[in-house]
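Chain and residue survey
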Amino acid sequence: MRFVLAGQPNSGKSTIFNSVAGYRAATANFPGSSISFTFSRALILGHEVEVVDLPGIYSLTSSKEDAGKAEGYLLEGSYDLIINVVDASRLGRSLELTMQLLELERPMIVALNMMDEAKRGGMEVDHEELSRQIGVPVVPTVGRRGLGLKELFRRALQHAHQGEDSFALTLDREVEEAREEVAELLETNGVGNSVPRRFVAEKLLERDAHFEREIYAQHPELKKQVRKVAAVLQKAHGWSADQVISGSRHAVAHCIEEEAVTLERPQIGWREWADRVFLHPWTGGPVMVAILGLLFWVVFRVGQRLEMPLVELTDQLGASLAEKLPPETLLGTLAGGALTGIAGGVAIVLPYLLPFLIGLAILEDSGYLPRMAYILDNFMHRIGLHGKSVLPLILGYGCSVPAIMSARILPSLRDRRITAVLASFIPCSARTIVIFGLVAAYMGPWWALGIYLLNLLIVVLLGNVLARTMEGASPGLILEIPELQLPQMKTLAAKTWLTLKEFITIAWPLLVASSVVLGLLEWANAAATINALLAPLTVFLLGLPVAVGMTLVFGILRKELTLVMLVQALGTTNLSAVMTEGQMLTFTLFVVFYVPCVATVAVMAKELGWRDTAVISAFSVVLALVVGVAGRFGYALFG
Amino acid sequence: MGDNSKLKTENSKLDWEIGWQSLVLNIYLDSDTMMTLVRPPGRALKYSWKITNPTLQTVRNYFHNRIRFSFWRVRNLMMALDSVDIRRQVRVMMIDGGHRVRAHLNTLGIHIGDWLTVVERAPFRGPVLVEINGTRLALGRGVAAKIRVEMDGALQPLVRRQPKAETEQR
């Protein structure tokens, strides 16, 4: 048995999904937070059910590529039931998608989600009336608090067992006639068995590119006949056929909404007041700077507090280990390397990673990110992009991989490519650890802030250059601003854990293994050879210690490795003893800019193609060298 | 056909409608004589005459000026969304953009004839924040400039309402 969660962006599909599947799909309070399918098996009332979480779609005619995938799955995938998640507070608009899903004529039930928000907005939704109107079961839920979900899945199971297909609603008379006519044309030509003919007919009338391509390739003679029907429809209404259909659907959805909803006075609460401050022309910008500054400061403070005792502890451990197993022996080298790897993870990475992830999760869940997109739209236009690009860029501070993937929320290919490239240059949490663990810890927070600002400046300049060289204009910002939400501890914890788990299961073993390998290489004196090979770069250009060369190689695997490897290579956790401040600055600058890590390169290759990825990687090394050298001499002159 | 008293000329019935891309004026001189005037987008006023009766040519000069005035009025009653003040309720009259922008706005709930409120305008030609049916949308200035709205209900949009009987027969 397989259930599909489908609905408009930010209607709470992933939240419902997570409630049955455990925290698997990342949720956030902005439209387009899920970018790929997530599958999970769940046990519901003793039945094993597979649940599929689709990315949000605004309508089944969406022209975006990623939405096309979700659309394709809904059309051709094999599943037993659609759970249409509907945002009750945006009922009228959501019903337009519901009506299109009904046309698929598959078993379907509606989860009327976000009932609490609808109530706050002064909407009393009568779900029984709604169910009568659209002819499928409707279950009211509050996904965020888990209300009604048990009932939802009970009804879903029941409905899937009955296997009752849904019926399309009747639209405008002329539309219905045109649809019938085209459906008959299709039938005589023997087209469309898997998908309802009336649905295909509607898509052809709307001139949906995907269906036109598929059907007219086999039956070119149909094109003229369908266009003729569309022309009749156009003549009757005076606008093009797709607008007639969309307008008719809008009207029907509006009628249903009027039947099912009683309007009351909306409650004005803290959300409205907060929004007034966040979005006010005068206070919006300063408040945003203050929020980001606070995030930076808290991460630094908390990280520092946690780091110091941990570093002391691990230093002691390392010293006692060195006494028992002298590092000259092979076993000692191995044990020492492993300990540095583990210690590096605990003492250096976690103290900064944890508060940073929590802070980012709060920003995501509260719904502040789309507001930042609104405030920064103007600024992004200067670069040649628009406000929506802010979302991937901010996510880039967490991890480049989801950031590059989330660039898909942008409608134009040009914007998507530019944003993906820029996101790869944003210092992700791994690079943040290097910045905090090295520069902020030893040189002070202002230097770290300076690195962030310098990075931002370079990203802006790069964006400007890219936007000028790539043709096409940006289509402009059209972004839904969701309601502000108080982030819930449970989701925050689950979300932080999801990212942290990835660090612990993937990065940490890698860290320990690389540490051991580095130890071995040192023991076998191979590290010296590699370091000597890299010496022109590290010593001559950047003025760094020779031992640093290896760490930069490991950094390509994961950027955190550079810092932990540095500890291993230089043989102490107290780095200020072996590196000058200028060297730290140069090292950090180089690490921030040079080749993105393997995972990022892989996802970039998938999104942009290998050629571009190679160009960008090569460019990033040159950029890192330039910035590093500039940092070295800049610090020598002014520091 | 919208019946609009503000735009009526003295001696004849003047009717107009706003198409998707153009402004159309119909002037009924008598029961079977109609002048149709079309202003294509981005072009100067051009109009065609469908007058069979030659005596009516004398009326032409008179109407020429009235018509130009009417266009001026219509154009001024309709404004781009990006120039609307905050906390104003306006009604969408036409969307100037191409198919994709229109479809995108439609899916987000902005249709011709819908009322929306301008909630906030970002400074320095930043985006406009509008509220429509309880949803808040940020629209870049470029997009907002493509949405033509009117403020006080002086104009009637070209929206064919669904006859109630048909939509209820599900």
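A brief look at the structure comes next.

Definitions and limits used
- Residues numbered from 1 in each chain as written.
- Chains lettered and ligands numbered in written order.
- Predicted model: local features only at pLDDT ≥ 70, side-chain atom pairs only at ≥ 80, totals over all residues.
- Helix = DSSP H or I, 4+ residues; strand = E, 2+ residues; numbered from the N terminus.
- Buried ≥ 20, exposed ≤ 12 C-beta atoms within 10 Å, placed from the backbone.
- Core = buried A, V, L, I, M, F, W, Y, C linked by C-beta atoms within 7 Å.
- Contact = placed C-beta atoms within 7 Å.
- Pairing = 2+ DSSP bridges.
- Axes fitted to C-alpha atoms, helices over the stretch in contact; angles between N-to-C directions.
- Right-handed = clockwise from strand over helix to strand, strands pointing away.
- Nonpolar A, V, L, I, M, F, W, Y, C, P; charged D, E, K, R; others polar.

Before going further, it helps to spend a moment on the overall build of chain B. Looking only at helices and strands, chain B features 4 helices and 10 strands. When the helices and strands of chain B are read in sequence order from the N terminus, they spell out β-β-β-β-α-β-β-α-β-β-β-α-β-α. The proportion of buried residues among the 170 residues of chain B is 37%.

Before going further, it helps to spend a moment on the nonpolar core. Residues and elements named next belong to chain A. Judged by nonpolar contacts, the single largest core of 212 residues is most densely connected at Leu-5, Ile-83, Val-182 and Leu-205. The element that contributes the greatest number of residues to this core is helix 14 (residues 330–366), accounting for 14 residues. Other than its neighbours up to four places away in sequence, Leu-205 contacts Ala-178, Arg-179, Val-182, Val-226, Val-229, Ala-230, Leu-233, Ala-241 and Ile-245.

On to the sheet that holds strand 8 (residues 128–132) of chain B, then. Strand pairing in a sheet relies on backbone hydrogen bonds. The paired strands run either parallel or antiparallel. If you trace the 7 strands from one edge of the open sheet to the other, you get 9(A)-9(B)-8(B)-7(B)-6(B)-10(B)-5(B), paired in antiparallel fashion. Here the strands that pair on one side only, and so sit at the sheet edges, are strand 9 (478–481) of chain A together with strand 5 (78–80) of chain B. For this sheet, the mean angle separating the axes of adjacent strands, direction not counted, is 40°. One ladder, built from 3 bridges, connects strand 5 of chain B with strand 10 (residues 147–150) of chain B; its direction is antiparallel. Its bridge partner lying in strand 10 of chain B, Met-79 of chain B is registered against Val-149 of chain B.

This part takes up the pairing of strand 4 (residues 81–87) of chain A. Looking along a regular strand, one sees the side chains alternate between the two faces of the sheet. Residue and element names in this part refer to chain A. With 7 of 7 residues buried, strand 4 lies mostly within the body of the structure. Side chains Leu-81, Ile-83, Val-85 and Asp-87 of strand 4 all project onto a buried face; the interleaved residues Ile-82, Asn-84 and Val-86 project onto the opposite face, where all are buried too. With 5 bridges connecting them, strand 1 (residues 2–7) and strand 4 associate as parallel partners. Its bridge partner being in strand 4, Leu-5 is matched across the sheet by Ile-83. Direction of pairing for strand 4 relative to strand 5 (residues 108–113): parallel, over a ladder of 6 bridges. Bridging across to strand 5, Ile-82 finds its partner in Met-108. Remark: the strand 4/helix 3 (residues 91–102)/strand 5 crossover connection has right-handed handedness.

Of the residues lining the interface, 38 residues belong to chain B; the matching set on chain A comes to 39 residues. Every element with two or more residues in the side of chain B that touches chain A is listed here: helix 2 (99–107), strand 7 (115–121), strand 9 (135–139), helix 3 (141–146) and helix 4 (164–168) of chain B. With 7 residues, the single largest contributor to the side of chain B that touches chain A is helix 2 of chain B. Taken together, the residues that form the side of chain B that touches chain A break down as 14 nonpolar, 15 polar and 9 charged. Pairing of strand 9 of chain A with strand 9 of chain B involves 4 bridges; the strand directions are antiparallel. The residue bridging Leu-479 of chain A from the neighbouring strand is Ala-138 of chain B, located in strand 9 of chain B.

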